[in-house]
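Results of the structural survey
In case you want the letters, here they are:
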Amino acid sequence: MEIIEVSIADLAEIEGNRHRTFQAVSNPLTADVILNDIETHHRQRVIIICNTVSQAQGLFQDFTQLNQDHALTITLLHSRFLPEHRAQKEAEIQAKFSKNRLDNGQCHVLISTQVIEAGLNITCEVMHTELCPMNSLLQRAGRCARFPEEEGEVYVYWQILINPEYQELSQQDFNPETKIEELQTPENKSFLPYNQELCQLTWQVLEAHSQSKKVHQTVSFEVEQSWINQVHGANDLLQAEKRKNNRAEFEQNFNGAILRGERDKADDLIRFVDSRSLFVWDTPIFIDFDDSVQIDPKKLLPFSVPITTLCKVWQDVQNLGYEIDWVFKRIEHPKRKASETYTQPICTCIRSYNDLKNSFQLLVNPRYVYYDEEIGLLINIEEKGNQFNSPNKPLKQTISEYQYRMDTYVGHLGCMWQCWQHPFQTKVFKNGEWIEIKYNSVRDELLQTGGQFIQHKIFPNATLTQTQALFEYLVLLAIFTHDLGKLQQQWQTVMRGWQTIASQNFNGKPPKSYLLAHTDYNPEDEQQKQALKAYEKQHKRPNHAVESAFLAQYILQDTLILLLKNEFNANSEQIPGLAYSIILSAGRHHSAWAKGWEIKDIKNKEIILHPEAQKAIASSWKHLTRRLPNILPLPSQTPNLSSSRYSIQKLDLAWFSSWEYLQLYWLVVRALRLCDQRSVQL
């Protein structure tokens, strides 16, 4: 961990003569409290933040009741709106709460959840927020008096109280086993989705501040930092201590996620959100006889809803005292060999909590679902459905931004190196229009960072000129090796076969005798699409990325290791660390989740190179290195593969247990991917 010191001058610039105060309020937050504050202080821009969607919806309903004369403009924003409606709301909010808004004398009120904590560059003069952990609170407060010279007040409430008419609605996201009347008492306050202890610590800090003489003074960055330390310091140390004590387990999980692409490990390390995808449609009766009503969930827009909300609905059903037909059904897809000829998903009624928790795609009875553009999605057995059905996902508005074209192996590498070294201007098809775009060279974007990183972390005795040259050489080697797997005999045979068809039937170029890196293909041409599909059914091309990584280790013997020994006096840890940053970049240049590193995952146990492969490798080396700055010595011999056949063995990635080389890999693979993506736009 590196500590970055911020100077007093930096702090003054960050704070920008902004004045923001904080106050803890013991009385519950209600719509009446907000309205009274607006009328008393003639507020113009007011933001209210609730911890859950259902509370925000309940408060919105209360506030709408009080705003019968429409003197206020009230907007509700949370995560349960359809994307088009949410985008529209965000655009309106940006206009009403922007720094340079036009003041028409009307008061604008935004009721939201934590969805505005990031991404919206908005400001207000007063913020009312439900209690949450200090780090989230300060993130929220960043939307109050956001810009220099502004003044703002942040009021933090222990509890939000909704009128009885909408009480049931407001508690929909809480634990179903807690009764509403219990949730209304301060001692039973639920802080979901946040940690209760952190919220209580935050309250103690804010209460002490509110009772002090400083309550009306501007809270500076230093004070905020002090509050963070008071609330989160002990917990952060505890978490650090836990990680230290469980370092072996942590590293095992980390390596599983980063090196072996195990998604369950990644979910645990990053964030676990226990939500379910929810769909709504009317179940047709005669679906077997009507193709027009076939339903495919993959083509529908789902809502992501916390499992606690769904459990609350389920609990409400159990409490009815009588049976209703169904509320939820588990959505499953027919197996390919099923006798049914239609694509209708299989929907099985949920019969228990376990059924509900173990189902990840759910159909909800439309009778209990309400949706509109103002309040969003409501799920409640007391709710009267308004015949809402999950809409289709938007159709692609644009043709593919990229059309593939035939590139020779040597030509493709040359184009990538050009993208590394030089800026260029091109036209891309985006959102239905051709637009001009100018790319800087990838070298300009990453060379300085890469050089400084190597100097700081790996070779502190080297000059920056040397380490920048080394980083550029690493990128060259990554480009040079990343497509070696395409030089397999079978890969070339399959792709040259398609290129012949493309040239004969779809105005493509003839492959001639070139070894290829890409073929001609227009994904918007349906006839061509079907032709390729039929061709691929009969001709399977082998994977090439991990195969490239395997072959790269032989190239690096001649190109990198001797240089590291002679020019940088590299040791037995540095040499494999740097080499594996290239190997892993080559193997993962398409996807960080590329499989095939374990011998059991490799289908073809032997790589057979095309007879012209060595010629292509030598030619591409000559092409790339002639434009390399003459700072580090190149190998005396042109590097190449000495054999035409290689037995594949497991690649040991244990060297990445060292953080420095894993970070270096991220820099190298970033450069490689940018060059690869841009090269097809030259």
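Below: a short report on this structure.

**A few points about unusual backbone geometry**
The phi torsion at E149 lies on the positive side, around 75 degrees, for a residue other than glycine. Checked against the element boundaries, E149 lands in the loop between α5 (134-141) and β6 (151-157). According to the relative accessible area criterion, E149 is exposed, its value standing at 57%. Residue N507 is not a glycine yet carries a positive backbone phi of 60 degrees. By secondary structure assignment, the location of N507 is in the loop between α17 (489-505) and β17 (516-518).

**A word on helix α12 (residues 307-318)**
The end-to-end C-alpha distance of α12 is 16 Å, a good match for the 16 Å that 12 residues give at a rise of 1.5 Å each. Of all the 12 residues making up α12, 10 are buried; the element is thus mostly covered by neighbouring parts of the structure. Taken together, the buried positions of α12 are occupied by I307, T309, L310, C311, K312, V313, W314, Q315, D316 and V317.

**Some words on the pattern of salt bridges**
Tallied over the entire structure, the rule returns 12 salt bridges. Close ionic contact of R43 with D37 constitutes a salt bridge, the shortest N to O distance being 2.8 Å. Residue R43 shares its accessibility class with D37, and that shared class is buried. One salt bridge in this structure joins E606 and R645, with 3.0 Å as the shortest N-O distance. You can see E606 sitting in strand β18 (residues 606-608) and its partner R645 sitting in strand β19 (residues 645-647), a full 39 residues away along the chain. For E606, a relative accessible area of 34% gives the class partly exposed. Within the structure, one salt-bridge network assembled from shared partners comprises D37, R43 and E153.

**Things to note about the pairing of strand β13 (residues 376-379)**
Sheet analysis places strand β12 (residues 369-372) next to β13, joined by four bridges and oriented antiparallel. Counted as the bridge partner of D372 is G376 from β13. Hairpin connection, β12 to β13: the antiparallel pair is bridged by three residues.

**Regarding the environment of Q200**
Take Q200: it is sitting in helix α8 (residues 196-210). Accessibility expressed as a relative area gives 32% for Q200, which makes it partly exposed. Residues Q200 and W158, spaced 42 residues apart in sequence, show a C-alpha to C-alpha distance of 9.2 Å.

**Concerning the layout of surface pockets**
There is about 1,200 Å³ of room inside the largest pocket. If you trace the largest pocket, you find 40 residues lining it, with K486, W491, R541, H544 and H590 closest to the centre. It is α17 that contributes the most residues to the lining of the largest pocket, five residues altogether. Partitioning the lining of the largest pocket into residue classes produces 16 nonpolar, 13 polar and 11 charged.

**Overview of the sheet that holds strand β11 (residues 361-364)**
One open sheet accounts for five strands, arranged β8-β7-β11-β9-β10; its pairing is mixed. Each end of this open sheet is capped by a strand with a single partner; those strands are β8 (303-306) and β10 (346-349). Direction aside, neighbouring strands of the sheet carry axes that sit 40 degrees apart on average. Two strands pair when backbone bridges link them, and strand β7 (residues 275-279) and β8 are joined in this way by four bridges, in the antiparallel orientation. By the bridge assignment for β8, S275 is matched with P306.

**Describing the packing of α5 against helix α9 (residues 221-245)**
Close contact between α5 and α9 brings their axes to 9 Å; oriented N to C, the two are set at 150 degrees. The angle between α5 and α9 falls in the class roughly antiparallel. Mapping the contact onto sequence places M134, N135 and L138 in α5 and E224, W227, I228, V231 and H232 in α9. For the contact of α5 with α9, the residue count by class is five nonpolar, two polar and one charged.

**As for the nonpolar core**
Core analysis: the largest hydrophobic core is formed by 74 residues, its most contacted members being F459, F471 and L564. At the level of secondary structure, the elements contributing two or more residues to this core comprise α14 (409-421), α15 (442-457), α16 (464-481), α19 (545-559), α20 (561-568), α21 (574-587), α22 (613-625) and α23 (659-679). Setting aside its immediate chain neighbours within four residues, L564 contacts F459, L470, N569, A570, I575 and L578. V25, I38, Y157 and V369 belong to the second-largest nonpolar core, a separate cluster that totals 53 residues.

Rules behind the numbers
- Residues numbered from 1 in each chain as written.
- Predicted model: local features only at pLDDT ≥ 70, side-chain atom pairs only at ≥ 80, totals over all residues.
- Heavy atoms only, no water.
- Helix = DSSP H or I, 4+ residues; strand = E, 2+ residues; numbered from the N terminus.
- Buried < 20%, exposed > 50% of the residue type's maximum accessible area, 1.4 Å probe, protein only.
- Expected span 1.5 Å × (residues − 1).
- Salt bridge = Lys/Arg side-chain N within 4 Å of Asp/Glu carboxyl O.
- Pairing = 2+ DSSP bridges.
- 1 Å grid on protein atoms, 1.4 Å probe; cavity = no way out; pocket = protein on both sides within 12 Å on 5 of 7 lines; lining within 4 Å.
- Points joined across faces, edges and corners; volume = space filled by probe spheres on them.
- Nonpolar A, V, L, I, M, F, W, Y, C, P; charged D, E, K, R; others polar.
- Axes fitted to C-alpha atoms, helices over the stretch in contact; angles between N-to-C directions.
- Parallel < 35°, antiparallel > 145°, perpendicular 65-115°, else oblique.
- Contact = heavy atoms within 4.5 Å.
- Core = buried A, V, L, I, M, F, W, Y, C linked by side-chain atoms within 4.5 Å.

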